[in-house]
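# Examination of the molecular architecture
Each chain, written out:
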Amino acid sequence: MLIATRHSLLSARVRTAPCCSCSSKAGDKKGREVKYPPITPPYYRKARPASQGFNILQKEFPNVGDRTGDGPRLHDYKVMGEMAAALPTVTEKVDFVSPYERPWKKFERTWHRTFHPSLVVPRKAWAVEPVTRGYDTLHFYEFITKTKTQKGVDAWHKDLHPPTTLFEKKLKETLLCKLRSQSTATSADRVAFSNVFLQHLLEDALHSVTSDHLQKARVSYAPRCESFWVRGGFKDVCGYDSRFTDEDREKYGRSRPRRFTGDDRRRLGELAFVCRDSFAAQIRSTNPLRPLIKINDEPDSSLTRRNAALTTKESAEENDATEDKLSDEVDEKRSDLATYSPKAMGMWPDEEPLWMAPGYEMDSGEQHRFGLVGLRDASAIEERCSYWGVADDEADADVKNEMYIAMAVSSLFSWLNGQAHALGFTQYNDLTYPLVSQLILSDGKKFFFAVGQLNTLAININAGGFVNNRWNRCWFDGPYDLYDSMDEEGRFWQKDGETEGLNQEVLSRILKMLLLVPTPDRELVDRDLTPFIPKRVEQDDRDSDVFNVFKGKA
Amino acid sequence: MTTRLYRAWQPGNPQNRVFLPNFWIKLLNRASKGPKALPENVLYFEVHPQMTRHDVREYLTKIYELPVRDVNTRVKMGKIEWDSVDTKTRRALWKEDDKKFAYVTMCRGFKHDFPNLFPDDEIEKETSQVERHKELMRNLERNAKAASRDRNDVGTWFGL
């Protein structure tokens, strides 16, 4: 590794060359010739633009390779990718790519002297909260996850028409029971209410439909779901390009701007982010959901339909046109560079250890690694909007809806990112096939639906020469009211005041999401789903002590 | 706040005082780029140190009728002057007052450009730039003369 960090960055497996003083040929004690492996020189160049030069020679004849600093960055990225791929287990990979740096110990701080290397402030990650703290921050959430959003999820559930009668009957009973027994006076009560309600809703839905894949699926209640990632493109925001004047030097007591919070110590403008999510429940399966758009580096040619054989030519053309229009709109709004600091968007640094947990622990030997549907509480959105005083005028019309979208974008990206790491992919070894998951957001009354497709994780570098045309996708729909009011007799009414019962659209959508069968794409049938995990080690993981204890074999 | 201390009010007593806070707010120019850059709908103020977020919101909405959505505050500690460099044994001689700053987010589409308070400065700036350029040219001429002092006024086209 080119840049040493304090956590376990180097392992014995990937250490290649001996020290530079060793020669490639030498004699041992008995005089025999010993051959050492070739010496790999360390990479001395800096990964940032070179300074203006200290003398006339440096100024007039600068090294062209040092002009941008992109070369060393790309070299480092490539080497990191090779080393991450060489690591045999998922936990080692996650530990290797994690940007976490532990705080200095008391001993280190006490006995530090001025002639020692300075104690660099440990790197922190910006905490991404699914319920945005900042006002009007959807574009920032889309940037840090490199996601394009699109309205409408019908394309995913086209051929599904589930009956809702039984589900409605069960859900009405659950709803009545919860509304009459559980308090919603405080915000904590509301969160507890919606979490419990969503868990019961899932049970009711599972009891209302019959499907083979749901029988085999894993259901987790209140699972641990968190993930971290690094996003490049913050160089301008960090302010490294501005040169300090003599006045600045005198004012700040240093010759260059301070390292930005969350950035690498080389000042690359690559900030770390972490999302610690709280799902009410998750359903996972052993097979991945089929993606709607195929991974392809050509943005225009990547538009393919999920069931291309089943659709007519006209509808496919219509879909392509919509997609092109969306791409233009999205690209106009944002560029490849961030405009503002995460703090200006209401985020705060998080110094807790970073780890990946997409609903299960990495070393648990879990085989249900692909997300199907996640259910999450969204009651905080209403509270945040009421605190802001969001009115129903034109200026604020979309603020609440965009909070739902931002929540879906961050939650789905975080979950899918964790799933990808559990499958052996990292930000240095990008996905070889897309990952898809569905999400239901609700506060017990309003329901919002989203489907996320993770196409790329290689968003942690923004250097010249590194081209990544892939975008992650998020389709959304809602929010819809499950009911408008409830009378004293326990009957639910719709908004018009005449229709009795629950919203059929919501009920139908929930069942459709559950009934979407996770069948791998045709291209994935004979393909390795974990190309960066050696098969032998994967088997070893299953036979590990932890798994055997869990199974009661040890 | 008033400087005069008044008897503590007890429940049931008449409300015979008017609360007249000496709160103040000062609009500052925000950075347009870099780590401190703010979106267009966010205004940057220095406020009275005892003002809370709620006070700032009330101040701007009730008096100026601005469409305030969110308020964040930050306290910047005043500079301390120490008697020695040694961090373990040093003592404070003087400390400047703390300052409180507020970042106020307005509704979507709100725009505000900080006014140019001292437009005359630009003229002075331009004048000084011309003067600097003249000085630079004089120096260059002097250097050229010094460099060609042994050329006995031979035309410049012979050499560089």
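All values reported here derive from a predicted model rather than from experimental measurement.

All right, on to helix 1 (residues 53-63) of chain B then. Those residues of helix 1 of chain B not exposed but buried are Val56, Arg57, Tyr59 and Leu60 of chain B. With its buried residues spanning 160° around the axis, helix 1 of chain B presents them on a single face. With respect to the buried face of helix 1 of chain B, the exposed residues turned more than 90 degrees away are His54 and Lys62 of chain B. Those residues of helix 1 of chain B that are buried are in contact with helix 12 (379-388) of chain A together with strand 1 (25-28), strand 2 (42-47), strand 3 (68-76) and strand 6 (99-106) of chain B. Just past helix 1 of chain B, the residue Glu65 of chain B takes up positive phi, approximately 55°.

Another aspect to go through is the domain arrangement of chain B. Domain boundaries assigned for chain B yield domain 1 (25-106) and domain 2 (116-148). Here the C-alpha centre of domain 2 of chain B lies 38 Å away from the C-alpha centre of domain 1 of chain B.

Next up on the list: the packing of aromatic side chains. All names here are of chain A. Inspection of every chain in the model, using the stated rule, returns 21 aromatic pairs over all chains. Ring centres of Phe140 and Phe234 lie 6.2 Å apart, and the angle between their planes is 70°; on these two criteria the pair is classed as edge-to-face. Of this pair, Phe140 sits in helix 5 (residues 138-145) while Phe234 sits in the loop between strand 6 (224-231) and helix 9 (235-238), placing them 94 residues apart in sequence. Residues Phe140 and Phe234 agree in their burial class; the two are buried.

Once that is clear, we can look at the environment of Leu502 of chain A. All names here are of chain A. Following the sequence through the fold, Leu502 ends up in the loop between strand 15 (492-493) and helix 14 (504-515). Sequence spacing of Leu502 and Pro103 is 399 residues, and the spatial spacing of their C-alpha atoms is 52 Å. Contacts of Leu502, omitting those with residues within four sequence positions, involve Glu168, Leu171, Lys172, Leu175, Leu482, Tyr483, Phe492, Gln494 and Leu507.

For an interface, size is often stated in terms of accessible area lost upon the parts coming together. Residue-level contacts link 17 residues of chain B with 21 residues of chain A. Roughly 1,400 Å² is buried in total at the junction of chain B and chain A, and carbon and sulfur atoms are behind 46% of that figure. Three residues stand out in chain B for area buried against chain A, namely Pro35, Arg69 and Arg108 of chain B, and they jointly supply 50% of the buried area on that side. Across the contact surface, chain B and chain A share two salt bridges.

Another aspect to go through is the environment of Phe370 of chain A. Residue and element names in this part refer to chain A. Residue position: Phe370 is located in strand 10 (residues 370-377). Taking the relative accessible area as the measure of exposure, Phe370 reaches 4% and is therefore buried. Taking the C-alpha atoms as reference points, Phe370 and Trp415, 45 residues apart in sequence, are found 9.9 Å from one another.

To continue, consider the packing of helix 2 (residues 70-86) of chain A against helix 3 (residues 90-97) of chain A. All names here are of chain A. Axis separation between helix 2 and helix 3 bottoms out at 9 Å; the angle between their running directions is 155°. In terms of orientation, helix 2 lies roughly antiparallel with respect to helix 3. In contact with Met80, Met83, Ala84 and Ala85 of helix 2, helix 3 contributes Lys93, Phe96 and Val97. Looking at side-chain class alone, the contact of helix 2 with helix 3 contains six nonpolar, no polar and one charged residues.

Let's shift gears to the side chain of Asp477 of chain A. Residues and elements named next belong to chain A. For Asp477, the location among the structural elements is in strand 13 (residues 472-481). A polar contact of 2.8 Å, which involves the side chain of Asp477, links it to the side chain of Tyr480. Residue contacts for Asp477: discarding those within four places in its chain leaves Lys151, Val153, Phe448, Phe449 and Arg509.

What counts, and at which threshold
- Residues numbered from 1 in each chain as written.
- Chains lettered and ligands numbered in written order.
- Predicted model: local features only at pLDDT ≥ 70, side-chain atom pairs only at ≥ 80, totals over all residues.
- Heavy atoms only, no water.
- Buried < 20%, exposed > 50% of the residue type's maximum accessible area, 1.4 Å probe, protein only.
- Helix = DSSP H or I, 4+ residues; strand = E, 2+ residues; numbered from the N terminus.
- Arc of directions from axis to C-beta.
- Contact = heavy atoms within 4.5 Å.
- Domains from an automatic or database assignment.
- Phe/Tyr/Trp six-rings, centres within 6.5 Å; stacked < 30°, edge-to-face > 60°.
- Buried area = accessible area lost by both parts, 1.4 Å probe.
- Salt bridge = Lys/Arg side-chain N within 4 Å of Asp/Glu carboxyl O.
- Axes fitted to C-alpha atoms, helices over the stretch in contact; angles between N-to-C directions.
- Parallel < 35°, antiparallel > 145°, perpendicular 65-115°, else oblique.
- Nonpolar A, V, L, I, M, F, W, Y, C, P; charged D, E, K, R; others polar.
- Polar contact = N/O pair within 3.5 Å; in protein donor to acceptor, adjacent residues only side chain to side chain.

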